[in-house]
Amino acid sequence: MTATSGAPVSWELRLLVAVGWLAVAVGVFGVALRLLDVQSQRLIMLVSAAPYLMVGGAVGVVLLALARHWVGFAVALAVAVAAILSQGPLYVANESVTASGPELTVMQANIWLGNADATSLVRQIRDRDVDVLTVNELTPEALDRLRNAGIESTLPFSFLRPGHGAEGTGIWSRYPLSDEVHHPEFVLSALSARVNLADDVSTALYAFHPVPPWPTDPAVWAGEMDRIRAILEAIPAESGPVIVSGDFNATRDHVKYRNLVTGRYRDAADQAGAGIQNTYPADRQPFPPMIAIDHIVVGGAHARSVQPVVLAGSDHRGLIANIVLGS
């Protein structure tokens, strides 16, 4: 266990090695959770914590190096490298992509059962020159407050399905909308429309909100994630750019979410090298949000930047992405 063969091993050293191996085991668990398409409700929830569990590999590297337990050190180093390879690319912008074309500023906002401050949200839209807004958990009361706050003076076009509790979803746009579709196969309202910019340029826009895997049956969440994937894969590539925005109740460590951002589609934050943009829970001050479940996804487009935004009165942070409609 030590570099000096035959020397007595103190209990302190044994404890250091034991804790080091425990940390490695936690790191392995985090890496495994990210790789496996788990079905258990508890494991699905734990996947959201995978980046934190993976830190165990780095802790193991330090502890086992201090103990000069070189076999354990090598194992811990391998776990740490696997963790870095899974999370590191999120912080590196895709510089190989050169995009040109019209730009859109897209904002995603879960307004927590309609409780977010409407005046503050409309101010954010104006101050940040938002062109398109997707809203989850839009209630009739919240819709009235947003209209009274003047949202339609900045984003005059809309496609809305308000509902009670978390059911409602809405799209607001600076540009005219067409091809509006309400997708009834989802528990919470899912909408799509075409945003028509000037000069015959347009983009398909989808606003999704799959049910959370807890406390509902996780099979329902998994089924809705698969349904989103099927909808996106069915969009003809020649139809132009696609923007997908919403609260997916999934992080980039969930296999179900990563299945969405393969091939034609990319997570906007990944493209921009913005890293993990934690958005939930945002109402636990002084603690920051811990997991990233709100996302903006693009196909046939490229995100130049993605940043979080505070939604006063909500348990989520919002996301704002600057997107070029060309790839």
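Residues numbered from 1 in each chain as written. Predicted model: local features only at pLDDT ≥ 70, side-chain atom pairs only at ≥ 80, totals over all residues. Heavy atoms only, no water.

A. Spotlight on the overall build of the protein. Within the protein one finds 10 helices and 12 strands. With the principal axes as the frame, the protein shows a C-alpha extent of 80 × 40 × 35 Å. The buried share of the protein, reckoned over its 327 residues, is 52%. Counting contacts in the protein only where the partners sit at least 6 residues apart, residues at least 24 apart contribute 66% of the total. As displayed, the protein offers around 14400 Å² of accessible surface, 59% of which is attributable to carbon and sulfur atoms. (Helix = DSSP H or I, 4+ residues; strand = E, 2+ residues; numbered from the N terminus. Buried < 20%, exposed > 50% of the residue type's maximum accessible area, 1.4 Å probe, protein only. Contact = heavy atoms within 4.5 Å. Areas by Shrake-Rupley, 256 points an atom, 1.4 Å probe, with all protein chains shown as cover.)

B. Structural detail: the nonpolar core. Counting residues in each nonpolar core, the largest one holds 28 residues, and the members touching the most others are Tyr206, Phe208, Val244, Phe248 and Tyr257. Elements represented by at least two residues in this core include exactly α2 (41-47), β7 (202-208), α8 (218-233) and β8 (242-247). Counting 26 residues, the second-largest nonpolar core is a separate cluster that includes Leu205, Ala207, Ala303 and Val306. (Core = buried A, V, L, I, M, F, W, Y, C linked by side-chain atoms within 4.5 Å.)

C. Representation of unusual backbone geometry in the model. The omega torsion across Tyr280 and Pro281 is -10°, close enough to zero to call that bond cis. In this fold, Pro281 is placed in the loop between α10 (268-272) and β10 (294-299). In this model, Gln285 is joined to Pro286 through a cis peptide bond whose omega is 10°. Relative to the elements of secondary structure, Pro286 occurs in the loop between α10 and β10. Residues other than glycine seldom take positive phi values, yet Leu113 does so here, at roughly 55°.

D. Summary view of the sheet that holds strand β9 (residues 265-267). The strand order across the open sheet formed by six strands is β5-β6-β7-β8-β10-β9, and the pairing between neighbours is mixed. Among the strands making up the open sheet, the edge pair consists of β5 (177-183) and β9. Between one strand axis and the next, the sheet turns by 20° as a mean value, whatever way the strands run. Across five bridges, the pairing between β5 and strand β6 (residues 190-196) is antiparallel. Within β6, the position partnered with Val181 by the bridge is Ser192. Contacts from α8 reach β5, β7, β8 and β9 within the one sheet, and its direction differs from that of β7 by about 170°. (Pairing = 2+ DSSP bridges. Axes fitted to C-alpha atoms, helices over the stretch in contact; angles between N-to-C directions.)

E. The packing of helix α1 (residues 11-35) against helix α3 (residues 50-66), seen in detail. Closest axis-to-axis distance for the α1/α3 pair is 7 Å, and the angle between their directions is 150°. On the basis of the axis angle, α1 is roughly antiparallel to α3. Here the hand of the crossing between α1 and α3 comes out left-handed. Here the residues of the contact of α1 with α3 sort into 17 nonpolar, six polar and one charged. (Parallel < 35°, antiparallel > 145°, perpendicular 65-115°, else oblique. Left-handed = near helix turned anticlockwise from the far one by under 90°. Nonpolar A, V, L, I, M, F, W, Y, C, P; charged D, E, K, R; others polar.)

F. Here's a closer look at the sheet that holds strand β2 (residues 132-136). Ordered by their spatial adjacency, six strands build an open sheet running β3-β4-β2-β1-β12-β11, and the pairing between neighbours is mixed. Of all strands in the sheet, those bounded by a partner on one side alone are β3 (157-161) and β11 (302-309). On average, each strand axis in the sheet is tilted by 15° relative to the strand beside it, whichever way the strands run.

G. Spatial organisation of the packing of aromatic side chains. Enumeration over the complete set of coordinates arrives at four aromatic pairs. A ring pair is formed by Trp70 and Phe73, whose centres lie 5.9 Å apart and whose planes are at 85°; its orientation type is edge-to-face. Of the two residues, Trp70 and Phe73 both sit in helix α4 (residues 70-87), three residues apart, roughly one turn of that helix. Trp70 sits in the partly exposed class, given a relative accessible area of 49%. (Phe/Tyr/Trp six-rings, centres within 6.5 Å; stacked < 30°, edge-to-face > 60°.)

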